[in-house]
Structures are given as C-alpha cells and as structure tokens.
Amino acid sequence: MANSAQTQELVYLVTGGCGFLGEHVVRMLLQREPRLRELRIFDLHLGPWLEELKTGPVQVTAIQGDVTQAHEVAAAVAGAHVVIHTAGLVDVFGKTSPETIHEVNVQGTQNVIEACVQTGTRFLIYTSSMEVVGPNIKGQPFYRGNENTPYEAVHRHPYPCSKALAERLVLEANGREVLGGLPLVTCALRPTGIYGEGHQIMKDFYHQGLRLGGRLFRAIPASVEHGRVYVGNVAWMHVLVARELEHRAALMGGQVYFCYDNSPYKSYEDFNMEFLGPCGLRLVGTRPLMPYWLLVLLAALNTLLQWLLRPLLLYAPLLNPYTLAVANTTFTVSTDKARRHFGYEPLFSWEESRTRTIRWVRTAEGSA
Ligand SMILES: NC(=O)c1ccc[n+]([C@@H]2O[C@H](COP(=O)([O-])OP(=O)(O)OC[C@H]3O[C@@H](n4cnc5c(N)ncnc54)[C@H](O)[C@@H]3O)[C@@H](O)[C@H]2O)c1
Ligand SMILES: CC(C)CCC[C@@H](C)[C@H]1CC[C@H]2[C@@H]3[C@H](O)C=C4C[C@@H](O)CC[C@]4(C)[C@H]3CC[C@]12C
C-alpha cells in the first residue's frame with residue numbers, strides 16, 4: 001500500500017480497469033505507486049471487487065462508462081495526470097461485429113487522446129498487442145524478434161487491424177499540445193499472449209479438459225513457439241512506464257515496447273500444460289493427432305456454421321481460421337528495450353508466475 005511519508009499528489013485513470021489485465025494494473029498501482037492520491041477506474045462493467053479497494057488510503061473512484069462516448073471519456077480524464085488505456089474489445093472469435101470492434105478499439109482510443117488534449121492530461125499509456133505486428137496473413141514466423149525486427153505486418157482480421165490503427169493514433173499523438181500548452185507524451189505496450197489469474201481462455205481449456213475425462217488432444221506441433229507473458233509483469237510494466245514517462249519523455253515518448261518476462265518459449269498447448277498439468281490434465285500425443293488440413297477444414301466449417309446460425313444464436317468456438325493461424329505460427333519476442341529505457345525487470349519470476357497461475361486454476365475448478 002502507499003507509503004504515507006511520500007506526498008500523495010497524483011491522479012491516475014485506468015480505462016478497462018475491471019478487465020483481466022486492467023484489474024492487475026489497478027491492484028499493482030495501489031501497491032506500488034506511493035504518489036497516488038486518486039485512482040479512477042473506468043469500465044463498461046464495474047466489478048464488485050472494487051468495493052474492497054475503497055477502504056485504503058488512496059481514493060478509488062469507480063466510473064461506469066463507455067470509451068465510445070467522447071463526453072464520458074472527457075469527464076473521466078479531466079484532472080488526471082496519467083491515463084492508462086487498457087479498455088478494448090478482445091475478440092478473435094467473431095462474437096462482435098467488425099464495426100463494433102473498430103468503434104471501441106479505434107474510436108474509443110481516439111476519444112481518449114482527444115480527452116487528454118482537451119483537458120490537459122500529459123501522459124498516456126496505451127495497451128497495444130503483439131498482434132499489431134503479427135502473425136501476419138502469410139503466417140510468417142517471428143522468431144525471438146524485438147521492436148526493430150523487420151516483419152511484414154499485414155492484417156485482415158478486425159481485431160489486429162483495430163489494434164494497429166489505435167496504436168498508430170496513440171504514437172502519432174505524441175507531442176501534441178494539450179490544454180495549458182505542454183506536449184502530450186504517449187507510448188504503447190505490446191503484450192504477447194497474457195496468462196495468469198483471471199485468464200478466461202485458460203479456464204475454458206481447463207473445463208474442456210475436465211469434460212474430456214482429464215485429457216486435451218494436441219492440435220499444434222510442439223515446435224511452434226508462442227510468446228507468453230505473466231499478467232503481473234505486464235501490469236508492472238504499465239506502472240513503471242507511467243512513473244518514468246514524465247522524467248524520460250524525450251526517450252520514451254512515441255515508443256513501443258513489447259511486454260516480456262522469463263516465461264519459457266513453448267508451443268501454446270505445451271505452455272498451457274505448465275498449469276493444467278499440475279491441475280490433473282494430460283496432453284495426449286507428442287504430435288498433432290489430426291492432420292493440419294483437417295483442422296483447416298474444421299476451422300472453415302466453424303466459420304460457415306457461425307454465419308448460418310447467426311440469426312438464431314451466437315456460435316463462437318475457439319477454433320476458426322484466424323485462431324488456427326495464430327496458434328500455428330511461431331511468434332516470440334526477445335528484447336531488453338524496456339530495461340534499457342525505463343529500468344524494467346520482471347517483478348515475478350517464472351516459478352512464481354507459474355505457482356500463482358496454478359493456484360488460480362485450482363480455485364477456478366468448480367466455476368465452469
Ligand atoms: N489478453 C491478452 O492476451 C492480451 C494480449 C495483448 C494485448 N491485450 C490488450 O490488453 C487490453 C486488455 O485486455 P484483456 O485481456 O484484459 O481484456 P478484457 O476483455 O478482460 O478487458 C477489457 C476491459 O475493457 C472493457 N471495455 C470493453 N469495451 C469497453 C467500452 N466500450 N468502454 C469501456 N470499457 C470497455 C471491458 O469491460 C473489460 O473490462 C486490451 O486492449 C487488449 O487488446 C490483451
Ligand atoms: C487450434 C486450437 C486447438 C487452439 C486455439 C488456441 C487459440 C484460441 C489461441 C492461440 C493463440 C491465442 C492468442 C495469442 O495468445 C495472443 C493474443 C493477443 C491478444 O491481443 C488477444 C488474445 C490473443 C489473440 C490470443 C487469443 C487466443 C489464441 C488465438
């Protein structure tokens with residue numbers, strides 16, 4: 001909790017503060033940002049857990065609002081020193097229309113930028129995604145790449161398209177004059193696949209394994225490496241960037257940083273087994289049990305079914321051509337840019353991240 005010996009003067013706003021990552025950012029700020037006076041949490045859906053935070057030394061203000069509504073965003077931003085914009089529609093399963101994804105992720109981000117400019121907020125941190133880079137539509141591998149690795153970032157899917165556009169808006173806004181005449185300082189953080197307490201897809205795989213008698217069946221070759229990063233470390237990076245942006249504006253303004261830690265490079269499924277294994281699941285097969293062409297066919301069939309069933313119900317399975325392409329393409333990051341620019345070191349070791357995640361999966365056992 002905040003050390004009362006230090007002056008509590010800062011007001012932070014976290015958009016999407018009730019989401020998977022947002023909640024970790026909120027809790028991390030309360031634990032590790034002693035200069036915080038007020039923490040505003042802006043989200044479409046407010047969680048009941050916010051109540052317990054309201055008894056601490058920092059004023060916690062919960063704001064139910066929609067980033068697509070410019071006036072709601074401006075009211076929430078007014079008077080904040082720092083905005084951490086994590087709100088977004090994370091949908092690669094076709095649950096939402098491309099128009100809605102664009103509206104929330106792109107227009108919502110534009111609204112946040114304009115609110116900063118109009119109200120005089122100088123520091124904006126945007127939660128971008130690895131998918132701004134890739135995997136691209138050609139399925140080219142990105143192997144242990146960094147922020148400067150050349151890669152043909154071409155997308156068709158609405159989610160990566162929206163994240164790429166929003167990231168560009170944020171970076172281009174760096175240096176814009178805000179109310180009061182000072183320049184806006186922005187930067188973007190690009191997590192790879194985040195895991196940890198609250199990771200819904202991990203829970204879905206867990207329950208699917210339980211339904212299948214404690215087994216999951218390998219679908220993707222073990223050689224396809226997938227970048228993963230622990231949610232606590234992603235949150236810590238956000239807190240550090242927010243803290244350092246003012247002092248290192250010339251260096252950090254307009255920059256992108258991949259989020260990384262010491263989580264091992266593994267295939268998506270093998271990585272999940274690091275947690276699901278100790279919870280009693282087994283991954284069957286050292287090689288994929290189905291030929292890849294059959295997975296491609298099933299994924300295409302799912303797209304067709306989704307389209308046919310749309311008037312009746314929402315059919316949004318995990319497997320579709322896009323998720324298959326992402327899962328089947330190597331995308332891993334190896335960089336130290338965050339350490340060089342703002343002194344980032346992961347707060348949680350791999351062992352601790354793993355232990356915490358296993359503990360969470362176990363507690364999620366009965367909550368299908
Ligand atoms: N989960 C990942 O693996 C991952 C990886 C890279 C980047 N990201 C990015 O991190 C951010 C957070 O992702 P997450 O996994 O925590 O997702 P999440 O869905 O758990 O959280 C997003 C939050 O945004 C809120 N939100 C959605 N639409 C809103 C709107 N119109 N107005 C206000 N709030 C709205 C949601 O209610 C939710 O609380 C997103 O921007 C996402 O693109 C996530
Ligand atoms: C082929 C099936 C058996 C397996 C399907 C797994 C699939 C649902 C997983 C694989 C990779 C996952 C994505 C990856 O971790 C990174 C991100 C970036 C982030 O911005 C949003 C989430 C997303 C797209 C993950 C979604 C689920 C994916 C596609």
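Right, let's walk through the structure included here. This one's a predicted model, so the numbers in the text were calculated from it and none came from an experiment.

## Concerning the overall build of the chain
Step number 1: A count of helices and strands for the chain gives 13 helices and 13 strands.
Step number 2: Since a compact globule built from 368 residues should have a radius of gyration of about 21 Å, the 21 Å found for the chain is in line with a globular shape.
Step number 3: A principal-axis box enclosing the C-alpha atoms of the chain has dimensions of 60 × 45 × 40 Å.
Step number 4: Of all 368 residues assigned to the chain, the portion counted as buried reaches 52%.
Step number 5: Within the chain, contacts between residues at least 6 apart in sequence are counted, and of these 79% link residues at least 24 apart.
Step number 6: Here the chain holds 33 positive side-chain charges and 33 negative ones, and the gap between their average locations is 5 Å.

## Some points on the site of ligand 2
Step number 1: Close to ligand 2 lie 17 residues, the nearest being Ser129, Glu131, Tyr159, Gly193 and His226.
Step number 2: Measuring from an oxygen atom of ligand 2, one finds a side-chain N or O atom of Ser129 at 2.8 Å.
Step number 3: Taking His226, its side chain carries an N or O atom lying 3.4 Å from an oxygen atom of ligand 2.
Step number 4: Considered on its own, ligand 2 offers 620 Å² of accessible surface; in the complex 89% of this is hidden by protein.
Step number 5: With four residues, the single largest contributor to the shell around ligand 2 is helix H11 (residues 321-327).
Step number 6: Residue composition of the shell around ligand 2, grouped by class: 12 nonpolar, four polar and one charged.

## Side note on the site of ligand 1
Step number 1: For ligand 1, the set of nearby residues contains 25 residues, the closest of which are Leu21, Asp43, Asp66, Tyr159 and Lys163.
Step number 2: Within the contact set of ligand 1, an oxygen atom lies 3.1 Å away from a backbone nitrogen or oxygen of Gly19.
Step number 3: In this structure, an oxygen atom belonging to ligand 1 sits 2.9 Å away from a main-chain N or O atom of Phe20.
Step number 4: Burial of ligand 1 by the protein amounts to 85% of the accessible area it has alone, namely 820 Å².
Step number 5: Mapped by element, the contributors of at least two residues to the shell around ligand 1 are helix H1 (20-32), helix H5 (158-173) and strand E8 (193-195).

## Examining the packing of helix H6 (residues 200-211) against helix H13 (residues 350-363)
Step number 1: Between H6 and H13, whose axes approach to 10 Å, the crossing angle comes to 55°. Here H13 runs oblique to H6, going by the angle between their axes. Crossing of H6 over H13 shows right-handed handedness. Seen from H6, the contacting residues are Met202, Lys203 and Tyr206; seen from H13, they are Thr357, Trp360 and Val361.

## Some points on the pattern of salt bridges
Step number 1: One pass over the full model with this rule turns up 18 salt bridges.
Step number 2: For Glu167, the salt bridge identified is with Arg190, shortest N-O distance 2.7 Å. Pair noted here: Glu167 is in helix H5 and Arg190 is in strand E7 (residues 185-191), with a separation of 23 residues, a long-range link. The pair formed by Glu167 and Arg190 is uniform in burial state, with each residue classed as buried.
Step number 3: A salt bridge links Arg356 to Glu197; the nearest nitrogen and oxygen atoms lie 4.0 Å apart. Placement of the pair is Arg356 in helix H13 and Glu197 in the loop between E8 and H6, with a sequence separation of 159 residues.
Step number 4: Residues participating in the shared-partner salt-bridge network are Glu23, Arg27 and Glu52.

## Here's the deal with H1
Step number 1: Between its first and last C-alpha, H1 extends 19 Å over 13 residues, near the 18 Å set by a 1.5 Å rise per residue.
Step number 2: Within the span of H1, buried status applies to Leu21, Gly22, His24, Val25, Val26, Met28, Leu29 and Leu30.

## Looking at the packing of H1 against helix H7 (residues 231-244)
Helix-helix packing is characterised by the crossing angle of the two axes and by the distance between the axes.
Step number 1: Between H1 and H7, the least distance of the axes is 8 Å, while the angle of their chain directions is 55°. Between H1 and H7, the angle is such that the two are oblique. In this structure, H1 crosses over H7, and the sense of that crossing is right-handed. When H1 is examined against H7, the residues Phe20, Leu21, His24, Val25, Met28, Leu29 and Arg32 are found in contact with a partner set consisting of Val231, Gly232, Val234, Ala235, Trp236, His238, Val239 and Arg243.
Step number 2: Residue classes in the contact of H1 with H7 are distributed as 10 nonpolar, three polar and two charged.

## Some points on the pairing of strand E2 (residues 36-43)
Step number 1: Buried residues dominate E2, accounting for seven of its eight residues.
Step number 2: Across six bridges, the pairing between E2 and strand E3 (residues 59-64) is parallel. Among the inter-strand pairings, Glu38 is bridged to a residue of E3, identified as Gln59.

## Here we look at the environment of Trp350
Step number 1: The topology assignment puts Trp350 in helix H13.
Step number 2: Linking Trp350 and Val104, residues 246 residues apart in sequence, is a C-alpha distance of 33 Å.
Step number 3: Setting aside chain neighbours within four positions, we find Trp350 in contact with Tyr195, Asn262, Ser263, Pro264, Phe271, Glu274 and Phe275.

Rules of the game
Within each chain, residue numbers correspond to sequence positions counted from 1 in written order. The order in which chains are written sets their letters, starting at A; the order in which ligands are written sets their numbers, starting at 1. For this predicted model, a pLDDT threshold of at least 70 governs which residues receive local features, and a threshold of 80 or more governs which side-chain atom pairs are given and counted, while totals over whole chains, interfaces and linings are taken from all residues. For side-chain calculations, the full set of non-hydrogen atoms in the structure is used, while hydrogens and water are omitted. A run of DSSP states H or I qualifies as a helix once it reaches four residues; a run of E qualifies as a strand once it reaches two. Both are numbered from the N-terminal end. Each radius of gyration is computed over the set of C-alpha atoms, and the globule rule expresses the reference value as 2.2 Å times the number of residues to the power 0.38. Buried, partly exposed and exposed residues are distinguished by accessible area as a fraction of the type maximum, computed with a 1.4 Å probe on protein chains only: under 20%, between the cut-offs, and over 50%, respectively. The contact definition used throughout considers only heavy atoms, calling two residues in contact when any of these lie within 4.5 Å. Positive charges come from Lys and Arg, negative ones from Asp and Glu, while His and the chain ends are left out of the count. Charge coordinates come from a single atom per side chain, which is NZ of Lys, CZ of Arg, CG of Asp or CD of Glu. Proximity criterion: a residue is near a molecule or strand once any of its heavy atoms comes within 4 Å of it. The definition of a polar contact used here is a pair of N or O atoms within 3.5 Å, where within protein one atom must be able to donate a hydrogen and the other to accept one, and adjacent residues in sequence count solely through side-chain atom pairs. Methods summary: accessible areas were calculated by the Shrake-Rupley approach with a probe of 1.4 Å, and residue burial reflects only the protein chains presented. Each residue is assigned to one class: nonpolar for Ala, Val, Leu, Ile, Met, Phe, Trp, Tyr, Cys and Pro, charged for Asp, Glu, Lys and Arg, and polar for all the others, Gly among them. A fitted line through C-alpha atoms represents every axis, and for helices the fit uses only the stretch in contact; the resulting angles, taken between N-to-C directions, go from 0 to 180 degrees. Throughout, the term roughly parallel applies to angles under 35 degrees, roughly antiparallel to angles over 145, roughly perpendicular to angles from 65 to 115, and oblique to all others. A crossing counts as left-handed when the near helix is turned anticlockwise from the far one by less than a right angle, and as right-handed when that turn is clockwise. Throughout this description, the term salt bridge denotes a Lys or Arg side-chain nitrogen within 4 Å of a carboxyl oxygen of Asp or Glu. By definition here, a helix of n residues has an expected span of 1.5 Å times n minus one. Whether two strands pair depends on DSSP finding at least two bridges between them.

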